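Understanding the architecture of this molecule
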Amino acid sequence: MTDFLGVSESLTGRRWVGPDVETTRTAERLAQDTALPPALCAVLARRGVSANEAASFLEPKLVDLLPDPRDLKDMQVAAARFLAAVSARQKIAVFADYDVDGGTSAALLITWLRNMGLNATLYVPDRIDEGYGPNDEAMAALAKEHDLIVCVDCGTLSHAPIAAAKGADVVVLDHHLGGETLPDCVAVVNPNRQDESGDLAHLCAASVVFLMLVEANRQMREADGTRGPDLMAMLDLVALGTVADVAPLIGVNRALVRQGLKVMARRERPGVVALSDVSRMDSAPNSYHLGFLLGPRVNAGGRIGQADLGARLLSTDNPQEAQAMAARLDELNTERRDIEASVRAAAMAQAEERGLDAPLVWAAGEGWHPGVVGIVASRLKEATNRPAIVIGLDGEEGKGSGRSVSGVDLGASIQKLAAEGLLVKGGGHKMAAGLTVARDQLEPAMARLSALMEKQGAGASGPADLKVDALLMPTAASVDLITDIEKAGPFGASAPAPRFVFPDAEIRFTKRVGDSHLKLTFGDGFGARIDAISFGAYDTALGPALESHGGARLHLAGRLEINTWGGRQSVQLRLEDAARAE
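Model, not experiment: these values are computed from the prediction. (Residues numbered from 1 in each chain as written. Predicted model: local features only at pLDDT ≥ 70, side-chain atom pairs only at ≥ 80, totals over all residues. Heavy atoms only, no water.)

1. Digging into the overall build of the protein chain
Counting its secondary structure elements, the protein chain contains 20 helices and 18 strands. Projected onto its principal axes, the C-alpha coordinates of the protein chain cover approximately 75 × 60 × 45 Å. When each of the 582 residues of the protein chain is scored for burial, the buried share is 54%. Summarising the internal contacts of the protein chain: among those between residues at least 6 apart in sequence, 64% fall at separations of at least 24. Accessible surface, the protein chain as shown: approximately 24600 Å² in total, 48% of it carbon and sulfur. (Helix = DSSP H or I, 4+ residues; strand = E, 2+ residues; numbered from the N terminus. Buried < 20%, exposed > 50% of the residue type's maximum accessible area, 1.4 Å probe, protein only. Contact = heavy atoms within 4.5 Å. Areas by Shrake-Rupley, 256 points an atom, 1.4 Å probe, with all protein chains shown as cover.)

Okay, here's the thing in structure tokens:
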């Protein structure tokens, strides 16, 4: 694999890696056969899209991609029991996980039921006091007051708590990895059950809930012609859950998020409108907004505040109530950032001391807040290109969270450690997992997990590799081109936004913004100019090097975006790296 533009060490110490020869040739053929812009063809080629597939890929349709809900085991039974509760006006409780996927899943059910004239009870466990998923006490209490409990984004491994729900039926709608046996309940709908094909393993819980509602609407229509609530209007929730849970944006997920973004742009859901406003979103929503503006705020309640606040916000139909809850979540998110910064600094220092070249990067600290360890693990993963685990120790146990890299199944490995007795408990999915570990088992558990990560290829690629898609000249970068490229999106997990290199650029202007960001303007020497922003530039060598460029020509690498200001649109480069042009 050759260095792109010969860059073996950039200003941040990274090697630039471009597409292989075959991918480059495929991109050239695509440009010839489709007349699409070469930059877009480079993106399509990397995604393995042929000329015959290009048109349908750029306009994904749910009607073509949405699977039949009945492809999932227990789906018909789950929907039938759900409808029976609705028909009999039974009391229904929704037990949801405290993250965005759990919150959006709960909001889908609560919204659908409200449209049918029913109010459901929402229960979200406290992250610190109760931990993840159903627990015996909560389920027993809910069972005394309800006929049906629907567990969303949790429950697949909750054998004992579900058994404690005596007197109530339980339906599980989940996507976390299943064990060898399933809990004894009415239905467990989960594309990651061990007896499933795995074809729909990329779905998040919100998508599983959506499919159950599709099936419920179908069963009502088949029974007596009744039309159920408008599910297309609920796709904004599915999109938010999918992106925030880092589900792969492939297959039907692309179509769900694409359509969901269109629904969100209509600003019809009070909770999402209020959240968008406190997040200061000033343009049409995209996957970045969902993952980095809305998602963290919904999560903030479950991380350091009131666990059910995010789900309540997303399900309310009261604009005033939504504004108050959104404002509180915004405050909590600010608090979360401060706590995260402290834990992140300590975790990074510890990980660096332990070494960043191992297959697994991990850190554990006394009293680290369990609500931020997942975010810090994500930061370590991004910085090292390796799976990362961060654990907060309290007493004789530690609670932690992990994030993985593409191609390395962290959830299955965590589950294996739990089965081997090295963890008190643990589970998750390929890209994220949670665990509880006894203090005296910490070192052996992490050593074993590192070995399992190595077997899957973790650590094989260096943390210095920066993947780039193609060269681009400033004169070719336009708002129209970015609009065309966005048709290959939405971008996110398993479908990263394309990264372009502007070669031999002249830096015209630089300005430090805040503590660590850098704004700059660059050109090609022939009059074309592009504005750029580099977030966190002064946290690395990039900021100082660009500020003191001394007139040297540089190759600039980053992602293109449309900047909207005062009603006008312009091209902006989100600069990630730079290298001296030899």
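2. Observations concerning the nonpolar core
Formed by 82 residues in total, the largest nonpolar core has its most connected members in Phe82, Leu109, Trp112, Val152, Leu173, Met212 and Leu213. Once residues within four sequence positions are removed from consideration, Leu109 is found in contact with Phe82, Val94, Val150, Val152, Val209, Met212 and Leu213. Core analysis: the second largest hydrophobic core is formed by 44 residues, Leu481, Leu520, Phe522 and Leu575 among them. (Core = buried A, V, L, I, M, F, W, Y, C linked by side-chain atoms within 4.5 Å.)

3. Some points on the pattern of salt bridges
Here the structure, examined in full by the defined rule, presents 33 salt bridges. In this structure, Glu335 and Arg328 form a salt bridge, with 3.9 Å as the shortest nitrogen-oxygen distance. Salt bridges sharing partners connect three or more residues here, namely Asp68, Arg70, Glu215, Arg218 and Glu222. (Salt bridge = Lys/Arg side-chain N within 4 Å of Asp/Glu carboxyl O.)

4. With respect to the pairing of strand β10 (residues 425–428)
Pairing of β10 with strand β11 (residues 432–438) involves four bridges; the strand directions are antiparallel. Considered in β11, the bridge of Gly427 is made with Gly434. Count of turn residues in the β10/β11 antiparallel hairpin: three residues. (Pairing = 2+ DSSP bridges.)

5. Considering helix α19 (residues 479–486)
Listing the buried residues of α19 in full gives Val479, Leu481, Ile482 and Ile485. On an axial view of α19, the arc spanned by its buried residues comes to 160°, and they lie on one face. Next to the buried residues of α19 lie α2 (38–46), β14 (500–513), β17 (554–565) and β18 (568–580). (Arc of directions from axis to C-beta.)

6. Section: unusual backbone geometry
Of note, the amide linkage connecting Gly489 to Pro490 takes the cis form, showing an omega dihedral of 5°. Within the secondary structure, Pro490 sits in the loop between α19 and β14. Positive phi outside glycine occurs at Leu5, with the angle close to 55°. The residue Leu5 is located in the segment before β1 (15–17) in this model.

7. Some thoughts on the packing of helix α5 (residues 75–87) against helix α6 (residues 100–115)
One can describe the packing of α5 onto α6 by two numbers: an axis separation of 11 Å at closest approach and a directional angle of 40°. Between α5 and α6, the crossing angle belongs to the class labelled oblique. The two elements α5 and α6 meet at a crossing, and its hand is right-handed. In this structure, α5 contributes Phe82, Leu83 and Val86 to the contact, and α6 contributes Leu109, Trp112 and Leu113. When its residues are assigned to classes, the contact of α5 with α6 shows six nonpolar, no polar and no charged. (Axes fitted to C-alpha atoms, helices over the stretch in contact; angles between N-to-C directions. Parallel < 35°, antiparallel > 145°, perpendicular 65-115°, else oblique. Left-handed = near helix turned anticlockwise from the far one by under 90°. Nonpolar A, V, L, I, M, F, W, Y, C, P; charged D, E, K, R; others polar.)

8. Quick word on the sheet that holds strand β6 (residues 187–189)
Across the sheet, which stays open at both edges, the five strands sit in the order β3-β2-β4-β5-β6 with parallel pairing between neighbours. Looking along the sheet, the strands with just one partner apiece sit at the ends: β3 (121–123) and β6. On average, each strand axis in the sheet is inclined to that of its neighbour by 20°, with strand direction left out of account. The pairing of strand β2 (residues 92–96) with β3 spans three bridges and is classified as parallel. Each residue of the ladder has a partner; that of Ala93, found in β3, is Thr121. Its contacts with the sheet place helix α9 (residues 205–224) against β4 (148–152), β5 (169–173) and β6, and it is angled at close to 120° to β5.

9. Examining the environment of Ala79
Turning to its location among the elements, Ala79 is positioned in helix α5. C-alpha separation for the pair Ala79 and Met220, spaced 141 residues apart in sequence, amounts to 9.9 Å. When sequence neighbours within four positions are dropped, the list of residues in contact with Ala79 reads Met212, Glu215, Ala216 and Gln219.

10. Let's talk about the packing of aromatic side chains
Tallying each qualifying case throughout the model produces four aromatic pairs. Measuring from ring centre to ring centre gives 5.2 Å for Phe82 and Trp112, while their planes differ by 45°; the resulting arrangement is tilted. Taken as a pair, Phe82 in helix α5 and Trp112 in helix α6 lie far apart in primary sequence, 30 residues in all. Its relative accessible area of 2% is what places Phe82 among the buried residues. (Phe/Tyr/Trp six-rings, centres within 6.5 Å; stacked < 30°, edge-to-face > 60°.)

11. A closer look at helix α7 (residues 136–145)
Side chains of residues three or four places apart in an α-helix project in the same direction, reflecting 3.6 residues per turn. Among the residues of α7, those classed as buried are Ala138, Met139, Leu142 and Ala143. Take α7 and look down its axis: the buried residues cluster within an arc of 130°, on one side only. Away from its buried face, by an angle of more than 90 degrees, α7 presents the exposed residues Glu137, Lys144 and Glu145. Looking at the buried side of α7, the elements it contacts are β2, β3, β4, α8 (159–163) and β5.

12. A few points about empty space enclosed by the protein
Evaluated as defined, the whole model comprises one cavity of 30 Å³ or more. Estimates place the volume of the largest cavity at around 40 Å³. As for the largest cavity, its lining consists of Asp97, Tyr98, Asp99, Gly103, Val124, Val298, Ala307, Gly310 and Ala311. For the lining of the largest cavity, the class distribution of residues is five nonpolar, two polar and two charged. (1 Å grid on protein atoms, 1.4 Å probe; cavity = no way out; pocket = protein on both sides within 12 Å on 5 of 7 lines; lining within 4 Å. Points joined across faces, edges and corners; volume = space filled by probe spheres on them.)

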